[in-house]
Amino acid sequence: MTESPRAWRPDLKFFLRAGAVAFVVGVLVAGLVQMGAGGIEPIDLLLSGLASLVVFLMISGLIGFISSRLHGIHGLARAAALVGVFFIAGALAWMLVFSLLVSLGMNPIPTGKEIATNIGVSGLLAILFGSVFYFYELMRQRMVESTSRLKEAEFAEKELVLARSI
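Residues numbered from 1 in each chain as written. Predicted model: local features only at pLDDT ≥ 70, side-chain atom pairs only at ≥ 80, totals over all residues. Heavy atoms only, no water.

Enquirer: Which residues make up the overall build of the protein chain, and what values do they have?
Expert: Helix and strand content of the protein chain: four helices and zero strands. In the protein chain, the succession of helices and strands from N to C terminus is α-α-α-α. Against the compact-globule benchmark of 15 Å for 166 residues, the protein chain has a radius of gyration of 21 Å, which places it well outside the compact range. Looking at the protein chain as a whole, 30% of its 166 residues qualify as buried. Within the protein chain, residue pairs in contact and separated by at least 24 positions form 74% of the contacts whose partners lie at least 6 positions apart. Put simply, the protein chain shows about 10,700 Å² of open surface, and 73% of that area lies on carbon and sulfur atoms. (Helix = DSSP H or I, 4+ residues; strand = E, 2+ residues; numbered from the N terminus. Rg over C-alpha atoms; globule rule 2.2 N^0.38 Å. Buried < 20%, exposed > 50% of the residue type's maximum accessible area, 1.4 Å probe, protein only. Contact = heavy atoms within 4.5 Å. Areas by Shrake-Rupley, 256 points an atom, 1.4 Å probe, with all protein chains shown as cover.)

See the structure below:
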């Protein structure tokens with residue numbers, strides 16, 4: 001018998017912890033890219049961290065929005081749907097952040113090839129990190145549920161032992 005997929009129900013601790021990790025990952029990726037280019041600009045590190053945070057929030061929002069629709073999907077179709085959501089979230093977040101930067105005059109308007117490359121890279125990074133965050137939270141929830149069931153069984157066993165002794 002196959003177990004039905006659980007809903008993704010992250011709590012505030014998850015959002016704070018994962019949001020901080022997303023920000024740091026964005027800063028680290030930007031730092032590595034800038035080191036390869038020959039110099040590090042602190043404002044670019046900050047903007048990359050904020051962009052990564054926006055990607056994380058976009059993924060969380062989209063997953064929350066469609067989680068009820070994911071219950072009817074199982075196996076590879078579910079995985080493909082999640083990958084699509086992660087990619088779309090990464091692409092939308094990149095477009096949002098980049099549009100804001102262009103409108104503020106902080107970045108020049110990119111060429112079509114640059115846009116496609118950046119959307120692709122953002123989408124792929126969103127798939128990678130979105131999957132890590134999503135499945136980490138899902139496994140954490142399952143562990144909490146399993147621990148709860150074990151505690152209930154242990155409590156019931158203690159009650160049976162007490163009842164037998166009485």
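Enquirer: So what's going on with the packing of helix α2 (residues 42-70) against helix α4 (residues 112-165)? Which residues, and what values?
Expert: At a closest axis distance of 11 Å, the pairing of α2 and α4 adopts a crossing angle of 60°. In this view, α2 runs oblique relative to α4, as classed from their interaxial angle. The chirality of how α2 crosses α4 is right-handed. Residues V55, F56, I59 and I63 of α2 touch α4, and the partners they reach there are A126, G130, F133 and Y134. Along the lines of polarity and charge, the residues of the contact of α2 with α4 split into seven nonpolar, one polar and no charged. (Axes fitted to C-alpha atoms, helices over the stretch in contact; angles between N-to-C directions. Parallel < 35°, antiparallel > 145°, perpendicular 65-115°, else oblique. Left-handed = near helix turned anticlockwise from the far one by under 90°. Nonpolar A, V, L, I, M, F, W, Y, C, P; charged D, E, K, R; others polar.)

Enquirer: Tell me about the pattern of salt bridges, and please be specific about residues and values.
Expert: In this structure the tally under the stated criterion is one salt bridge. The partner of K158 in a salt bridge is E154, and the shortest N-O contact between them spans 3.5 Å. In this pair, K158 and E154 are both assigned in helix α4, four residues apart and thus about one turn of the helix distant. What makes K158 exposed here is its relative accessible area of 53%. Residue classification places E154 among the partly exposed residues on the basis of a relative accessible area of 47%. (Salt bridge = Lys/Arg side-chain N within 4 Å of Asp/Glu carboxyl O.)

Enquirer: Describe in detail the nonpolar core, supporting the description with residues and values.
Expert: V55, I59, I63, L82, F86 and Y134 are the most contacted members of the largest nonpolar core, which totals 14 residues. Among the secondary structure elements, those contributing two or more residues to this core are α2, α3 (75-103) and α4. Residues contacting L82, with those up to four places away along its chain left out, are I63, L70, Y134 and F135. (Core = buried A, V, L, I, M, F, W, Y, C linked by side-chain atoms within 4.5 Å.)

Enquirer: For α4, give the residues involved together with the corresponding values.
Expert: The end-to-end C-alpha distance of α4 is 78 Å, a good match for the 80 Å that 54 residues give at a rise of 1.5 Å each. The set of residues buried in α4 consists of I119, S122, G123, A126, I127, G130, S131, F133, Y134, E137, L138 and Q141. Where α4 is buried, its residues contact α1 (12-37), α2 and α3. (Expected span 1.5 Å × (residues − 1).)

Enquirer: Explain α2 residue by residue, including any values.
Expert: When the terminal C-alpha atoms of α2 are compared, their 40 Å separation across 29 residues agrees well with the 42 Å that a helix rising 1.5 Å per residue should span. For α2, the principal kink sits at G64 and spans about 35°. Those residues of α2 lying buried are L45, S48, G49, S52, V55, F56, I59, S60, I63, I66, S67 and L70. On its buried side, α2 packs onto α1, α3 and α4. (Bend = angle between axes of the 7 residues up to and from the residue.)

Function cannot be inferred from these measures alone, as they are strictly geometric.
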